[in-house]
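Architecture and fold: a report
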Amino acid sequence: GYVVDVEKHGDGPPLPALPIQTYTDGHSHPVAAVAVDPQSTTLVSTSDRTVVVTDIVSKRVKRRFHSHSGRINAVACSDNAEAILSSSYDGKVCLFDGRSWNAAPIQTLDEAKDSVTAVSVWQQQQGGAAGAATAEIITASVDGVVRYYDLRKGQIRCDDVGDAITGLALTNDGHCAAVSCLDGTIRLIERKTGDLLHQYSGAHSAGNYGLQVSFTADDSSVVSGSEDGSVVIYDVGEGNATQTLKRHTRPVCAIAAHPKREQTSVVISGGYDGNAIVWAANPFVSSKWDRDCS
């Protein structure tokens, strides 16, 4: 991994980053996806068709789930890791009980007609701490459909965006979802209604790789990987590309933005060149980001 502070090191080589911790137990294949629940110090990762649940502090593997017939594309977990979710090439999403020792999924969602590339959980407490909690599972698939599951009500809503979806991200306020499609367009969808609010394209290239997207903590920007090795930042409201960050030498498929508002200037990108890069600038939208970092 590397650290790139554009303000201080934009024209120089990246700084090498030292790993804080490594997790290798339970993995016999390359790791394709990870999710972290800081409340329960739980790390959820993949090993081909297996979900591996690890304690971040002790590094102890707590659980392994085998229920998919294809490679797992994405994982997620609910608050306190009460539920573990995985989506796969087999077109299924499996839900596992994170609190019991039962290795079988408590529910399988098999409505997708093709590979399920992304899964996310939206949870909200209604009426304060004493109110009822609501939860929704959102999935995206190569069949071009975003599916919203309300398991408590037994309801599912489907939004067909018209092209294969490879990446999904929710805004931090939960009002919208962004989906990255193989046609090179990122579509912004209102979560409650399914209305198409905006489209972002032109600055990033797509078509052959699954590209992920992420929102900055203030929901003002959507960040995308690109097949030309760059990281592209689009203004959510205006729709134009405000920054293009270049350092990777191969396609950038993994993207994560810092979830806290005071750290909206931090983005992590992972590419097929084997590098993970931490991009940092203050403020995030600054002319100092405009220069080529390669």
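Residues numbered from 1 in each chain as written. Predicted model: local features only at pLDDT ≥ 70, side-chain atom pairs only at ≥ 80, totals over all residues. Heavy atoms only, no water.

1. A short note on the sheet that holds strand E16 (residues 176-181)
- The four strands lie next to each other as E15-E16-E17-E18, forming an open sheet whose pairing is antiparallel. Two strands bound the open sheet, and with one partner strand each, they are strand E15 (165-170) and strand E18 (196-200). Averaged over all adjacent pairs, the angle separating strand axes in this sheet is 20°, with direction ignored.
- When strand E17 (residues 186-190) meets E18, the two strands line up antiparallel, connected through four bridges. Counted as the bridge partner of Arg-187 is Gln-199 from E18. (Pairing = 2+ DSSP bridges. Helix = DSSP H or I, 4+ residues; strand = E, 2+ residues; numbered from the N terminus. Axes fitted to C-alpha atoms, helices over the stretch in contact; angles between N-to-C directions.)

2. Digging into the packing of aromatic side chains
- Evaluated as defined, the whole model comprises three aromatic pairs.
- A centroid spacing of 4.3 Å and a plane angle of 15° characterise the contact between Phe-65 and Phe-96, whose relative ring orientation is stacked. With Phe-65 in strand E6 (residues 61-66) and Phe-96 in strand E9 (residues 93-97), this residue pair connects regions lying 31 residues apart in the sequence.
- Judged by its relative accessible area of 0%, Phe-96 falls in the buried class.
- The ring centre of Tyr-148 lies 4.0 Å from the NZ or CZ of Arg-157, which sits over that ring. (Phe/Tyr/Trp six-rings, centres within 6.5 Å; stacked < 30°, edge-to-face > 60°. Buried < 20%, exposed > 50% of the residue type's maximum accessible area, 1.4 Å probe, protein only. Lys NZ or Arg CZ within 6 Å of the ring centre and 35° of its normal.)

3. Focus: the side chain of Thr-54
- For Thr-54, the position within the fold is in strand E5 (residues 50-55).
- Overall, the relative accessible area of 1% leaves Thr-54 in the buried class.
- Ignoring anything within four residues of it in the chain, the contact list for Thr-54 reads Tyr-23, Thr-41, Thr-42, Leu-43, Lys-59, Arg-60, Val-61 and Lys-62. (Contact = heavy atoms within 4.5 Å.)

4. Some words on the sheet that holds strand E20 (residues 221-225)
- Spatially, the four strands line up as an open sheet ordered E19-E20-E21-E22, and their pairing is antiparallel. If you trace the sheet from one side to the other, it starts and ends with strand E19 (213-215) and strand E22 (241-246), each paired once. When strand polarity is set aside, the average angle formed by the axes of neighbouring strands in this sheet is 20°.
- Relative to E22, strand E21 (residues 230-235) runs antiparallel, the two sharing five bridges. Within E22, the residue paired with Ile-233 across the bridge is Gln-243.

5. Quick look at the confidence of the model for the protein chain
- Across the protein chain, the average pLDDT comes to 86, with 85% of residues at or above 70.
- Ignoring residues within four places in sequence, the model shows residues 6-11, a span with pLDDT below 50, making 18 contacts including any to other chains. (pLDDT = per-residue confidence, 0-100.)

6. Focus: the environment of Thr-166
- Structurally, the position occupied by Thr-166 is in strand E15.
- Thr-166 gets classed as buried once you look at its relative accessible area, which sits at 13%.
- Spatially, the C-alpha atoms of Thr-166 and Leu-211 are 5.9 Å apart, while their sequence positions differ by 45 residues.
- With sequence-adjacent residues up to four places away left out, Thr-166 is seen in contact with Thr-117, Ser-180, Leu-182, Tyr-209, Gly-210 and Leu-211.
- From its side chain, Thr-166 meets the backbone nitrogen of Leu-211 in a polar contact 3.1 Å long. (Polar contact = N/O pair within 3.5 Å; in protein donor to acceptor, adjacent residues only side chain to side chain.)

7. Overview of the side chain of Ser-180
- Structurally, the position occupied by Ser-180 is in strand E16.
- A distance of 3.4 Å separates a polar side-chain atom of Ser-180 from the backbone oxygen of Leu-211.
- For Ser-180, the residues in contact, after removing those within four places along its chain, are Ala-164, Ile-165, Thr-166, Gly-167, Thr-185, Ile-186, Leu-211 and Val-213.

8. Description of the nonpolar core
- One finds Ile-138, Val-146, Val-161, Ile-165, Leu-168, Val-179 and Ile-189 to be the most contacted residues of the largest nonpolar core, which totals 14 residues.
- Contributing elements (two or more residues each) for this core: strand E11 (116-125), strand E12 (133-141), strand E13 (145-150), E15 and E16.
- With 13 residues, the next largest nonpolar core counts Ala-35, Val-44, Val-51 and Ala-81 among its residues. (Core = buried A, V, L, I, M, F, W, Y, C linked by side-chain atoms within 4.5 Å.)

9. Examining the pairing of E16
- Where burial is concerned, most of E16 is hidden: six out of the six residues are buried.
- Here E16 shows no split at all, with Cys-176, Ala-178 and Ser-180 on one side and Ala-177, Val-179 and Cys-181 on the other all buried.
- In this structure, E15 lies alongside E16, joined through five bridges in antiparallel fashion. By the bridge assignment, Ala-169 is partnered in E16 with Ala-178.
- Between the end of E15 and the start of E16, which pair antiparallel, lie five residues, with Gly-174 showing a positive phi angle near 80°.
- Linking E16 back to E17 in an antiparallel pair, the connection comprises four residues, with Gly-184 at a positive phi of about 85°.

10. A few points about the environment of Gln-21
- Position of Gln-21 relative to the elements: it lies in the loop between strand E2 (15-16) and strand E3 (34-37).
- A relative accessible area of 37% means that Gln-21 is categorised as partly exposed.
- Taking C-alpha positions, Gln-21 is 8.8 Å from Lys-59, a pair spaced 38 residues apart along the chain.
- In this structure the side chain of Gln-21 is engaged in a polar contact, spanning 3.4 Å, whose partner is the side chain of Lys-59.

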